[in-house]
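Here is what each chain is made of, one letter per residue.
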Amino acid sequence: MSATGKSGFFEGYEPTDCDSFYLRRAREEDLEAVLAIVESGRNSLAADGVDQWQNGKPSNEDFARDIRSQRLWVFEDAAGTIAAVAALVAGEDPNYTLLLAGAWIPAPSQMTLQTYITVHRFVVAPTYRGAAVSKRFFQALFLEAQRQGFNEMRVDTHPNNHRMRRLVEGLGFACAGVVCIDGDRSDKRLVYQLYFEQEISGKYRRLFRGLAADSADALETLLPRFPHYLDNPEVPILRHHLVVSMSDGALVDAWIYGPRVPVLVGPYGIDCASIPLLVLHGNGEDHRSLAAQIAHQAAVRSVVAIDCRAQGVSTRGRAPLTYELLAQDAFEVLNAIGISRAHVLGFSDGGIEALLMARDAPRRIVSLTAVGANCAPSGLDKRFLEHERIRSIALAFGRVVSRKMERACELSRLMLHEPHIAGSSLSRIACPSTLVAGEHDLVLPEETRRIAQAIPQAQMVIIPSCGHMVPLEASDELNCALDQTIARVEHSSDDVVCDGQHAPQAVLLASPRQPYLPDNVVALPLELSQLKQVLALYEALLAHEKAHQDASRENTSFDAEHPRSSGDSCGWIEGCWPLPGDVEERLAAGQYRGLFAAEDIGSDGKPFASAQLLGVQALDHDMGYGFAGEDQDRGGAAPCWEKLPDQAILVAHLLAVNPAAGRKGIGRALVADLISQARIRGAKAIRLNTSPENVAATCLYHSCGFQTLAPVWLPYEGLPLTGWTVPFEMRLD
C-alpha cells in the first residue's frame with residue numbers, strides 16, 4: 001500500500017478503520033501539546049489510585065530528549081490535533097536486564113534473534129479516551145516497529161494500572177515477569193512481550209484449539225514453533241525452553257508452556273498461582289504428540305513438557321534404559337525448574353512413568369492421569385506384541401548403520417520386556433488418579449481395570465470407539481478426564497497447614513498467609529549447654545528420614561551406578577548434614593533458637609530439664625555459603641536478589657521440626673519466630689534455601705508468603721539430592 005502522503009509516514013502504513021488518525025514523529029513545536037497530554041495522564045493515574053508517574057518521572061526533559069532523539073511519536077487526527085503520544089526506544093533497556101520474577105519468553109524458532117524495541121511513555125489525550133484510539137495507536141506502532149526491522153516489542157506498566165494492562169493484554173502481549181525501575185525494588189512494573197508473526201495458517205490455529213488434525217502434519221507443525229502474536233489472547237505460549245543434564249551424561253529437553261498472562265509469574269515463567277502439569281509422551285514420540293492437551297491446560301496453568309531421553313531432541317546417556325530411569329529423569333527436570341509438586345499426565349510409556357512417579361514419591365504428585373498404561377508386557381494385546389517383536393528384529397539389523405534405528409530398536413525392546421510393576425505397590429499412590437484407555441486399546445481392558453483397582457479411589461474412563469492413540473483420536477474426551485482429575489484436587493478442602501513434616505494436598509493452592517506463634521508455644525534462644533538436646537532432635541529427624549526413604553525404595557529398581565533420589569526428602573545424612581561441628585559452633589555463637597511447649601517453661605523463663613524441644617533453627621546474616629562460586633554451564637550460582645549489606649539480611653539455617661511434634665504447626669511457628677527476629681533486628685529481607693526435593697519445606701515457605709526465586713546450582717557434597725537449590729526471600733521493607 002502506498003504512503004498516506006503525510007509527512008513522517010512510512011511506506012506500508014495501512015490506516016485502520018478510522019482514516020482520520022495518522023502516525024508521525026514528534027517535532028519540537030509539539031512539546032507544549034505533548035506535555036499537556038502527559039499532565040492529564042498523570043492526573044488520571046492519580047485519580048485511579050495508581051502510583052505511577054507521580055514522582056516527577058518521566059520529566060519534561062525526558063520528552064524533550066525523546067523529540068531530539070527522534071524516538072517520540074504522536075498520533076494526530078485530520079485536523080492536526082495530537083490524540084496520543086508514545087516513545088519507541090530501540091535496543092536493550094537497562095531496567096530489563098534482571099527480572100525480579102518470571103522469565104523472558106523465547107522467540108519462535110523460525111525468527112532471527114535480534115534486539116527488541118520498547119514502548120515507553122504511552123499516553124492518550126483525555127478527549128480521545130474510550131474511542132479505541134489507544135488500540136489504533138498501538139497498531140500503528142506495530143507497523144512502525146516492523147518497518148524498522150524488529151520482530152519483538154516490549155512494554156511495562158504498573159501492576160495497578162489496569163487500563164494499560166487490559167489494553168496490552170487484549171493486543172496479544174504476554175506477561176514475562178516483574179522488573180524494577182532504576183534499581184528501586186519498591187517501584188515494580190509488569191513487563192510484557194509481543195512477537196510479530198507474519199503468517200499463521202488456519203490449520204495451525206485449529207491444531208491448538210484441540211480439534212482433530214492429521215497426526216503426520218500435526219507432528220511437524222506443533223508446539224516448538226508456537227507463535228506469540230495471535231488474534232486469540234487466550235492461546236497459551238511457550239514461556240521457556242531448558243536442557244537438563246543428567247548424571248550419566250544424558251541431556252533432557254523440557255518446554256514450559258503457560259497462560260499468556262500468568263496470575264503470579266515465577267521462575268522460568270511458571271505461573272505460581274496454580275500447581276503445574278507435567279506431560280510425558282509415549283514410546284518413540286516427543287512432547288508434541290500431546291499438543292492438544294498441552295494447549296488445553298496451558299491456558300490456565302503452567303505445563304512442563306519433556307522429550308524423554310533417547311526420544312525427540314533429548315540425548316541417550318550411558319545408564320541402562322528403564323522406565324524407572326525415565327521417571328527419575330522427570331523428577332530431575334522438576335528439580336531443575338524448582339517444582340516440588342505437580343499434576344502429571346502420561347500417555348502410553350509416559351503413563352507407565354507417571355505411575356512410577358506417583359508410587360515412588362506420593363507427596364510430589366498431586367494428581368495422576370495415566371492414558372494407555374500397563375504394568376507388564378503381558379497386559380498388552382498379543383497381536384501387537386507379535387508385531388512389535390518382528391519390528392524389533394528388523395530394527396536390530398538396521399541399527400548397525402543408523403543411530404536412529406539403534407534408538408528405535410532399544411525403545412522397542414523396552415516395551416517388549418518391561419515394565420514389571422507389582423500391583424500391590426500401586427497402593428502407595430495417594431493422589432486422585434484416573435486411568436484412561438480406548439475401547440479398542442492395545443492395552444487389555446483387564447489390565448487397565450487391574451491398575452485402577454490397585455490404586456486407592458482411582459477412577460477408570462474407557463472412551464468408546466477409540467484405539468490406543470487417545471490424545472489424537474479423542475482429545476476432547478481426554479481433556480475432560482484430565483480436567484476432572486485435577487478438579488478433584490483443587491476443589492478439595494484438605495487442611496492447608498504445613499508444619500515441615502506434612503505436605504497436605506492443597507497447600508500449594510492456598511493463598512500464602514502470615515504465620516503466627518501460637519500461645520501454647522514459646523520461642524527461646526538456645527545455649528551451648530543444650531547441645532545434646534539439639535543433636536538428639538536432629539538424630540530423631542535423620543532416623544525418621546531414613547525410615548521414610550527405606551519405605552519409598554520398596555519395590556523400586558535403582559541404578560547403582562547412577563543413584564538418584566525421587567524427591568520428597570530433606571536429604572540429610574548422618575555425618576554429612578548437618579556438618580560435623582557446625583551445630584556446636586552455631587550454639588556457641590548464640591545463633592540457635594528453639595521452640596518449647598508453654599507448659600514446659602518455668603517461672604524463670606527457662607525450659608524444664610524434661611522439656612521436649614519441638615523445633616530449632618540457627619539465625620545469622622550469612623547467605624554467602626556456597627553461593628560465591630559460579631558454574632556458568634549450570635546457569636551460575638548467584639540468586640537473582642538485590643545486593644544488601646549483611647546486617648540487612650537474616651538467614652535461617654538447619655531449620656528442623658521434631659518428628660514427635662509433627663502436624664502441630666511447629667514449622668509455621670518457627671517461621672513466625674524467624675519473621676519476628678528479623679523485625680527486631682531491623683532486617684530488610686529474610687533469605688533461605690532448600691532443595692526442590694524437600695517438598696515439606698518448599699510447601700512451608702510458600703504457605704508463609706516467601707517469594708520463590710529461580711533455582712541455582714549449589715550441590716551439597718555427599719547428599720543424595722539434585723545439585724539445584726531453590727532460594728526463598730521475604731522482604732520486610
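Before reading further, recall that the structure is shown in the block above.
Parameters and conventions
- Residues numbered from 1 in each chain as written.
- Predicted model: local features only at pLDDT ≥ 70, side-chain atom pairs only at ≥ 80, totals over all residues.
- Heavy atoms only, no water.
- Salt bridge = Lys/Arg side-chain N within 4 Å of Asp/Glu carboxyl O.
- Buried < 20%, exposed > 50% of the residue type's maximum accessible area, 1.4 Å probe, protein only.
- Helix = DSSP H or I, 4+ residues; strand = E, 2+ residues; numbered from the N terminus.
- Contact = heavy atoms within 4.5 Å.
- Axes fitted to C-alpha atoms, helices over the stretch in contact; angles between N-to-C directions.
- Parallel < 35°, antiparallel > 145°, perpendicular 65-115°, else oblique.
- Left-handed = near helix turned anticlockwise from the far one by under 90°.
- Nonpolar A, V, L, I, M, F, W, Y, C, P; charged D, E, K, R; others polar.
- Pairing = 2+ DSSP bridges.
- 1 Å grid on protein atoms, 1.4 Å probe; cavity = no way out; pocket = protein on both sides within 12 Å on 5 of 7 lines; lining within 4 Å.
- Points joined across faces, edges and corners; volume = space filled by probe spheres on them.
- Core = buried A, V, L, I, M, F, W, Y, C linked by side-chain atoms within 4.5 Å.
- Phe/Tyr/Trp six-rings, centres within 6.5 Å; stacked < 30°, edge-to-face > 60°.

Section: the pattern of salt bridges
Then step 1. For the coordinates displayed, the defined rule picks out 30 salt bridges.
Then step 2. The salt bridge involving Arg288 is made with Asp286; its shortest N-O contact spans 2.8 Å.
Then step 3. The class of Asp286 is buried, set by a relative accessible area of 12%.
Then step 4. Through salt bridges that share partners, Glu642, Arg687, Glu729, Arg731 and Asp733 make up one connected network.

Description of the environment of Met415
Then step 1. Note on placement: Met415 falls in helix α11 (residues 403-417).
Then step 2. Residue classification places Met415 among the buried positions, given a relative accessible area of 13%.
Then step 3. A C-alpha to C-alpha distance of 10.0 Å links Met415 and Ser348, two positions 67 residues apart in sequence.
Then step 4. Discounting chain neighbours no more than four positions away, the residues touching Met415 are Asn283, Tyr323, Asp349, Pro377, Leu380, Phe384 and Glu388.

Details of the packing of helix α1 (residues 31-47) against helix α2 (residues 60-68)
Axes are the key here: two packed helices are described by the angle between their axes and the distance separating the axes.
Then step 1. At a closest axis distance of 11 Å, the pairing of α1 and α2 adopts a crossing angle of 135°. Accordingly, the angle class assigned to the pair α1 and α2 is oblique. Judged by the sense of rotation from one axis to the other, the crossing of α1 with α2 is right-handed. Listed contacts from α2 to Leu31, Val34, Leu35 and Val38 of α1 are Asn60, Phe63, Ala64 and Ile67.
Then step 2. Classifying every residue of the contact of α1 with α2 gives seven nonpolar, one polar and no charged.

Considerations on the pairing of strand β7 (residues 174-181)
Then step 1. Judged by how many residues are buried, β7 sits mostly within the fold: eight of eight residues are covered.
Then step 2. Of the pairings in the sheet, the one linking strand β4 (residues 101-102) to β7 comprises two bridges and is antiparallel in character. Residue pairing across strands places Ala101 opposite Val178, the latter belonging to β7.
Then step 3. Bridging between β7 and strand β8 (residues 184-195) involves seven bridges; their strand directions are antiparallel. The residue of β8 that forms the bridge with Gly177 is Val191.
Then step 4. A loop of two residues connects β7 with β8, the two strands running antiparallel in sequence, and Asp182 in this loop sits at a positive phi of about 55°.

Description of the layout of surface pockets
Then step 1. Its volume calculated, the largest pocket comes out at about 1,400 Å³.
Then step 2. When contributions to the lining of the largest pocket are tallied by element, the ones reaching two or more residues are α1, α2, β3 (82-90), β5 (117-124), β6 (152-157), α4 (162-170) and β8.
Then step 3. A per-element tally of the lining of the largest pocket places β5 first, with seven residues.
Then step 4. Here the residues of the lining of the largest pocket are counted per class, giving 15 nonpolar, 15 polar and 19 charged.

Considering the side chain of Asp673
Then step 1. Inspection of the secondary structure puts Asp673 in helix α17 (residues 666-680).
Then step 2. The buried category is assigned to Asp673, whose relative accessible area is 5%.
Then step 3. Each residue touching Asp673, except ones within four places of it in the same chain, is listed here: Ala523, Arg593 and Gln617.

A few points about the sheet that holds β3
Then step 1. The eight strands lie next to each other as β1-β2-β3-β5-β6-β8-β7-β4, forming an open sheet whose pairing is mixed. Across the chains shown, the open sheet's two edge strands, defined by having one partner strand only, are β1 (22-25) and β4.
Then step 2. Those strands touched by α2 are β2 (72-76), β3 and β5, and its axis lies near 90° from that of β2.

Overview of the nonpolar core
Then step 1. Residues Leu278, Leu280, Val333, Ile337, Leu355, Met357 and Leu368 are the most contacted members of the largest nonpolar core, which totals 58 residues.
Then step 2. It is helix α8 (residues 323-337) that provides the largest number of residues to this core, a total of nine residues.
Then step 3. When near neighbours in sequence (up to four residues on either side) are disregarded, Leu280 contacts Leu290, Ile306, Cys308, Ala330, Val344, Leu345, Gly346, Phe347, Gly350, Glu353, Ala354 and Met357.
Then step 4. Counting residues in hydrophobic clusters, the runner-up holds 55 residues, among them Ala26, Leu45, Ala87 and Ala101.

Description of the packing of aromatic side chains
Then step 1. Applying the stated criterion across every chain, the model contains 14 aromatic pairs.
Then step 2. Judged by centre distance (4.7 Å) and plane angle (20°), the ring pair of Phe122 and Phe138 falls under stacked. Placement of the pair is Phe122 in strand β5 and Phe138 in helix α3 (residues 133-147), with a sequence separation of 16 residues.
Then step 3. With a relative accessible area of 0%, Phe138 lands in the buried category.
Then step 4. When the ring of Phe138 is compared with that of Phe173, the centres are 5.7 Å apart and the planes differ by 65°; the resulting orientation is edge-to-face. Linking Phe138 in helix α3 with Phe173 in the loop between α4 and β7, this pair joins segments that are 35 residues apart in sequence.
Then step 5. Taking relative accessible area as the criterion, Phe173 reaches 0% and is therefore assigned buried.

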